[in-house]
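Fold and geometry: a report
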Amino acid sequence: MEKANALKEAGNKALSAGNYNEAITAYTQAIELDPVNHILYSNRSAAYAKLENYENSLKDAEKCVQLNATFSKGYSRKGLALTKLGRLEEAFEAYNAGLQQDPNSDVLKQGVNEILSIFQEQFRKNNFKFNSKSSSKMDVDPPKSPSPPPKSSTSSAGSSSSQQQKQTNNKMETEEDLPENKKLAKKEKELGNASYKKKDFDTALKHYNAALAHDPSDITFHNNIAAVYFEQQDFQKCIAECEKAVEVGRENRADYKLIAKSFARIGNAYKKLEDYKSAKTYYEKSLSEHRTPDIKSMLSETEKLIKEQERKAYIDPEKAEQEKEKGNEYFKNGDYSSAVKHYSEAILRNPDDPKLYSNRAACYTKLAAFDLGLKDCDMCVKLDEKFIKGWVRKGKILQVMKKPSEALSAYQKAIEIDPSNAEALEGYRTCTVAVQSDPKEVWKKAMNDPEVQQILKDPAMRVILEQMQTDPKAVQEHLKNPQVASKIQKLYESGIIQIY
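Here the structure is a predicted model, which means the values were calculated and not measured. (Residues numbered from 1 in each chain as written. Predicted model: local features only at pLDDT ≥ 70, side-chain atom pairs only at ≥ 80, totals over all residues. Heavy atoms only, no water.)

1. Describing the overall build of the protein
Each helix and strand in the protein was counted, giving 27 helices and 0 strands. The burial tally for the protein puts 43% of its 500 residues in the buried class. In the protein, once contacts between residues fewer than 6 apart in sequence are set aside, the share between residues at least 24 apart is 52%. For the protein, the accessible area works out to roughly 28100 Å², and carbon and sulfur atoms hold 49% of it. (Helix = DSSP H or I, 4+ residues; strand = E, 2+ residues; numbered from the N terminus. Buried < 20%, exposed > 50% of the residue type's maximum accessible area, 1.4 Å probe, protein only. Contact = heavy atoms within 4.5 Å. Areas by Shrake-Rupley, 256 points an atom, 1.4 Å probe, with all protein chains shown as cover.)

2. Let's talk about helix α6 (residues 88–101)
With 14 residues, α6 extends 20 Å from end C-alpha to end C-alpha; this agrees with the ideal 20 Å at 1.5 Å per step. Within α6 the residues assigned to the buried category are Leu 88, Ala 91, Phe 92, Ala 94, Tyr 95, Gly 98 and Leu 99. With its buried residues spanning 160 degrees around the axis, α6 presents them on a single face. Turned more than 90 degrees away from the buried face of α6 sit Glu 93 and Gln 100, all of them exposed. (Expected span 1.5 Å × (residues − 1). Arc of directions from axis to C-beta.)

3. Some points on the UniProt feature "repeat: TPR" (unreviewed entry) in the protein
The sites that carry the UniProt feature "repeat: TPR" (unreviewed entry) are, in the present numbering, residues 4–37, 72–105, 185–218, 260–293, 320–353 and 388–421. Secondary structure over residues 72–105 splits into 79% helix and 0% strand, and the C-alpha atoms at its two ends are 8 Å apart. In residues 320–353, helix accounts for 79% and strand for 0%; the two terminal C-alpha atoms are 9 Å from one another. (UniProt positions renumbered as here; feature names shortened; annotations may be inferred.)

4. Considering the side chain of Thr 292
By secondary structure assignment, the location of Thr 292 is in the loop between α14 (276–289) and α15 (293–314). At a separation of 2.9 Å, a polar atom in the side chain of Thr 292 contacts the side chain of Asp 294. (Polar contact = N/O pair within 3.5 Å; in protein donor to acceptor, adjacent residues only side chain to side chain.)

5. Some points on the packing of aromatic side chains
Counting across every chain of the model gives 5 aromatic pairs. Ring plane angle 70 degrees and centroid distance 5.5 Å describe the contact between Tyr 196 and Phe 201, whose orientation is recorded as edge-to-face. For Tyr 196, a relative accessible area of 8% puts it in the buried group. An aromatic cluster is present here, built from Phe 263, Tyr 270 and Tyr 282 joined pairwise through their rings. (Phe/Tyr/Trp six-rings, centres within 6.5 Å; stacked < 30°, edge-to-face > 60°.)

6. A word on the pattern of salt bridges
In the structure shown here, the tally under the stated rule is 20 salt bridges. In this structure, Arg 250 engages Glu 289 in a salt bridge whose closest nitrogen and oxygen atoms are separated by 2.8 Å. Remark: Glu 289 occurs in helix α14 and Arg 250 occurs in helix α12 (residues 235–251); sequence separation between them is 39 residues. By relative accessible area, which is 44% here, Arg 250 ends up partly exposed. (Salt bridge = Lys/Arg side-chain N within 4 Å of Asp/Glu carboxyl O.)

7. Concerning α14
Working note: α-helix, 3.6 residues per turn, so residues spaced by three or four point in the same direction. A rise of 1.5 Å per residue sets the reference length of α14, with its 14 residues, at 20 Å; its end C-alpha atoms lie 20 Å apart and thus fit the reference within 8%. Residues Tyr 276, Ala 279, Tyr 282, Tyr 283, Ser 286, Leu 287 and Glu 289 constitute the buried set of α14. In an axial view of α14, the angular spread of the buried residues amounts to 155 degrees, which keeps them on one side of the axis. In α14, the exposed positions that point more than 90 degrees away from the buried face belong to Lys 277 and Ser 288. Looking at the buried positions of α14, the neighbouring elements they touch are α12, α13 (256–272) and α15.

8. With respect to the packing of helix α24 (residues 450–457) against helix α25 (residues 459–470)
Contact geometry for α24 and α25: axes closest at 5 Å, N-to-C directions at 80 degrees. Accordingly, the angle class assigned to the pair α24 and α25 is roughly perpendicular. Of the residues in α25, those in contact with Ile 455, Leu 456 and Lys 457 of α24 are Pro 459, Met 461, Arg 462 and Leu 465. Here the contact of α24 with α25 is composed, by residue class, of 5 nonpolar, no polar and 2 charged. (Axes fitted to C-alpha atoms, helices over the stretch in contact; angles between N-to-C directions. Parallel < 35°, antiparallel > 145°, perpendicular 65-115°, else oblique. Nonpolar A, V, L, I, M, F, W, Y, C, P; charged D, E, K, R; others polar.)

9. Structural notes on the environment of Tyr 314
One can find Tyr 314 in helix α15. Under the relative-accessibility criterion, Tyr 314 is labelled partly exposed at 33%. Considering only alpha carbons, one finds Tyr 314 and Arg 349, 35 residues apart in sequence, at a separation of 6.1 Å. Sequence-distant contacts of Tyr 314, that is, excluding residues within four places in its chain, are made with Glu 345, Leu 348 and Arg 349.

10. Remarks on unusual backbone geometry
Of note, the phi angle at Glu 52 is positive, near 65 degrees, even though the residue is not glycine. Relative to the elements of secondary structure, Glu 52 occurs in the loop between α3 (38–50) and α4 (54–67).

11. Re the packing of helix α9 (residues 180–197) against helix α11 (residues 219–231)
Between α9 and α11, the shortest axis-to-axis distance is 11 Å and the interhelical angle comes to 20 degrees. Judged by the inter-axis angle, α9 sits roughly parallel to α11. Crossing hand, α9 versus α11: left-handed. Across the interface between the two elements, Ala 185, Lys 189, Asn 193 and Tyr 196 from α9 touch Thr 220, Phe 221, Asn 224, Ala 227, Val 228 and Glu 231 from α11. Split by residue class, the contact of α9 with α11 holds 5 nonpolar, 3 polar and 2 charged. (Left-handed = near helix turned anticlockwise from the far one by under 90°.)

12. Thoughts on the environment of Ile 39
Structurally, the position occupied by Ile 39 is in helix α3. Look at Ile 39 and you get partly exposed, because its relative accessible area is 29%. For the pair Ile 39 and Gly 74, spaced 35 residues apart in sequence, the C-alpha separation works out to 8.4 Å. Residues contacting Ile 39, with those up to four places away along its chain left out, are Lys 8 and Phe 71.

13. Overview of the nonpolar core
If you look at the biggest cluster of nonpolar residues, it comprises 36 residues, and the most contacted ones within it are Tyr 196, Val 228 and Cys 238. The element contributing the most residues to this core is α11, with 8 residues. Setting aside anything within four residues of it in sequence, one finds Cys 238 in contact with Ala 226, Tyr 229, Phe 230, Arg 265 and Ala 269. Membership of the second largest hydrophobic core comes to 19 residues, among which are Ala 81, Phe 92, Leu 116 and Phe 119. (Core = buried A, V, L, I, M, F, W, Y, C linked by side-chain atoms within 4.5 Å.)

Here is the structure:
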C-alpha cells in the first residue's frame, strides 16, 4: 500500500503540472497494486478528461462509484464525461445521484444547472434529440419533435413549458407549409424510426427507402438506411450508402454535422471490418467537418489498434533468433550498447520470449542502467515464473541498488525453483546478513509479510503491543494465551519486536 500511495502522489503531482499522460501511468501502476481504491480511479478519470479521452474517463468514473457509492466526486467525474460525450440525460442522472450523497456540492449543482441550460438551449433551437443509449451514435435520427427535460426541483426548468408550446405551434404551422412529397417522406421516416427502435430492421428499411423515393435530396434518409445496414452487419452496404449520403449532402448543402455523421459511420463500418487504416481516414474526415469528443475518442482507439496490428505483423521468431545471436556476439566482445540494440530488435520480433529480456537486463546491468535492467527482469519472470536466471539477475540488480530486503525475496523465489542454485544461495546469505544488520531493512522485510500485516491490523494486538511498551512485565501474562503467544512469536521472529 505504501508503494501505491507513493504512485498516487506522483500521479497527483503530474496532474497538477499538466503532465496528464505521466499522471495516467502513475495512477495505472497504483491501481495494479491497489485495485479496490476508488480514489485512484477518480484521479485517473480526471486525467483522462484533461486529455479529452472521455470514454476512458467515464469507465474510471463508473468503476469509482461502483467501489464507493457514497463518494460524490465520482458522480461529478461521471457527469462531466457523459456531458462531453453528448449523453445528456445520463449526465443529468449522474449529477443528481451525486447530490443525493452530497447535497451541498457546488460542483454537482453546477453540473445540473449546465445540463438544464443545454436542454433549454436545445428546446429554443427546436432540435432536441435523445441520444444517450449509444455514444457511438449508431442510432437513427429521431423525430424532431421536442421532448421534455428531466424532472428537477431547480427553478430554471420550470419556465420552459410555455416556450415549448410556442415552439410546437410554430412547428405545426411550418409542417403545414411543407410540399406534399416532404410530408410523405417525413411520415415514412417516422414509421421507419418506430420500426428501428423495435429492431424490425427490414420494415425500417422499407420505410426509409420509401421516404427517400419521396424526397431524394435529404441526406438523413441515406444515413438512416446506412444505420440499418450497420445493425444488420452488412458493412459494405453501410459504407456505400454513407458515400451516397455525403454526395447528396454536398449537392444540397446539407448541415456539416450530418455529413460528419456519414463519415463517422463509414469509419465505424471499416472498424468492424478490422480495416483500421480506412477507419482512421474516415474518422479524420468526420472531425474535419465537425469535431465531437466521441469521434476523437474513436480515432484515438483506432490509432492504438493500428499500432497493435503493426506490432503483431512485425513478429517473426526466426528473425528474433538471428538478432539474439548478434546480441550475444556483441555482449561477448563487451560492446553492450550494440548488444542492447539487437536484443531490443529481437524483443520486437518475439515479445513473449523471456530469455531475450533476461539477456537485455544483463546488458543494462553492465551499462549501470539498473532501473531498465530491473524492468526487463520483471518482464522476464512475468512471462515465465520458473525462469530462474530472471530471479537471480533481479536479485543481483537489487543488491547493487542497495535494496537487500527486496533482493532477498528475489533470491528466495529462485531457491524455491532450484534449492541447489549456487548463485541464489550465495545472494540469499549475503542479503540476509545485510537485512539483519539494518533495522530499517528488518522492518521493510517484515512489512512485506501478509501475516505480519494482519497481526498489526488487529486492534486487540495493537492494544497488547502498546501495553507491552509501557509495562514489559505484561508480556508474561499475554504469553499465557496460546493465540496471542503465537502472534507475538511471529512478530519476534520477523524482528518487529524484541523481548528481553
